[in-house]
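Each chain, letter by letter, is given below.
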Amino acid sequence: MSQETAGEVVFCGATDFDTIWSGTRNEKYNDIVRPSRINVLMGKKVSLIASGPSAAHSVIVAEDGCYTFGFNKWGQLGHGDGGWPTQVRVPTRIPIREVVVGASCGKTHTWLLTNSGKIFAMGGNEHGQLGCGHKKPLKDPTLVTGIPGVERVAVGQDFSVLLSDTGTVMACGKPEYGQLGNNTTGEFFVTASKLEFQCETRPIVVEKLPSNVVDIKCGNHHTVAMTEDGRVYSW
C-alpha cells in the first residue's frame with residue numbers, strides 16, 4: 001500500500017502478551033473487544049501492518065517510520081533490548097534509517113524488507129531463522145548480507161522465506177516439517193534418545209520451483225508460492 005492510499009490503524013484482541021501462549025488470563029490487562037484507535041498513531045497514515053499466527057508482537061509502518069510493539073523476550077521488536085518479561089505496550093519507533101515496505105513476524109523473530117530490496121532481521125535465532133549465518137539472537141535490526149534484491153518476505157514460526165527480484169525463492173531456519181523446501185526434514189540423533197535438526201542459518205534456494213514466482217506466504221510450519229500464471233505450489 002502506498003502512502004497515497006494509506007489509512008489509519010485500529011486494533012482489537014488480547015493485550016497481555018506473556019499469557020497468550022499459555023492460555024491463561026490476567027485480569028490486570030483488559031482485552032480490547034472492539035476495533036479501537038491507538039493513540040500514538042492517531043492521525044498518521046499507516047501503509048503496512050504485520051504480525052503472524054504464532055506471534056505476540058506486531059509491526060506497523062506509518063508515514064514517519066516503522067513501529068513495533070508486543071512481546072519482546074528475544075528482542076524481536078528491534079529496540080536493542082529484550083529479556084523476560086519485556087513487553088512494549090505502546091507502538092514505538094525502531095532505529096532503522098531505511099524505508100520499510102514489507103514485514104513478517106514469527107514466534108520469536110521478525111524480518112523487515114526495505115524499498116532497496118534489503119532484509120533486516122531481529123529476534124530469536126535458535127534455528128538460524130534470521131538468515132545471518134549463525135544462531136545468536138539479534139536485538140537490533142541487522143542486515144542479512146549476501147542476498148540478491150528481494151521483492152517479498154514471509155516467515156513462519158521458526159523459519160523464513162524470501163522471494164528475490166529474479167523470481168528465486170530462498171529459505172532458512174528449521175526444516176522440521178519440510179517447510180524449507182529442500183526435500184528433507186533434517187532430523188538426526190545426537191544421542192540414542194536426543195533428536196535434533198540440521199537447520200539452515202543462511203537462505204538456501206528452493207530448487208524445484210519455476211522462475212516466475214510472484215508471491216510467497218507462510219503458515220506456522222508450511223509455505224505457499226504463487227507463480228505469474230496463477231499456479232500455486234505448497235510444501
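Located above this text is the structure these notes cover.
Scope of this entry: the structure provided in the associated data block.

Rules used throughout
- Residues numbered from 1 in each chain as written.
- Predicted model: local features only at pLDDT ≥ 70, side-chain atom pairs only at ≥ 80, totals over all residues.
- Heavy atoms only, no water.
- Salt bridge = Lys/Arg side-chain N within 4 Å of Asp/Glu carboxyl O.
- Buried < 20%, exposed > 50% of the residue type's maximum accessible area, 1.4 Å probe, protein only.
- Helix = DSSP H or I, 4+ residues; strand = E, 2+ residues; numbered from the N terminus.
- Pairing = 2+ DSSP bridges.
- Contact = heavy atoms within 4.5 Å.
- Axes fitted to C-alpha atoms, helices over the stretch in contact; angles between N-to-C directions.

Looking at the pattern of salt bridges
Next, step 1: Overall, the coordinates contain 7 salt bridges when judged by the stated rule.
Next, step 2: A salt bridge links E176 to K174, with the shortest nitrogen-to-oxygen separation between them at 3.2 Å.

Quick word on the pairing of strand β9 (residues 119-123)
Next, step 1: Buried residues dominate β9, accounting for 5 of its 5 residues.
Next, step 2: As paired strands, β9 and strand β10 (residues 138-143) are joined by 3 bridges and run antiparallel to one another. Each bridged residue has a counterpart across the sheet, and for G123 the counterpart in β10 is L138.

Side note on the environment of L130
Next, step 1: Considering the arrangement of structural elements, one finds L130 in the loop between β9 and β10.
Next, step 2: L130 gets classed as buried once you look at its relative accessible area, which sits at 0%.
Next, step 3: In this structure L130 touches H109, T110, W111, A121, M122, G123, G124, N125, K136, L138, V144 and C172, once residues within four positions along its chain are discounted.

Remarks on the sheet that holds β10
The strands making up a sheet associate through backbone hydrogen bonding, with each pair oriented either parallel or antiparallel.
Next, step 1: Pairing within the open sheet is antiparallel, and its 4 strands lie in the order β7-β8-β9-β10. The open sheet has two edge strands, β7 (100-105) and β10, and neither has a second partner. The mean inter-strand angle of the sheet, taken between neighbouring strand axes irrespective of direction, is 15 degrees.

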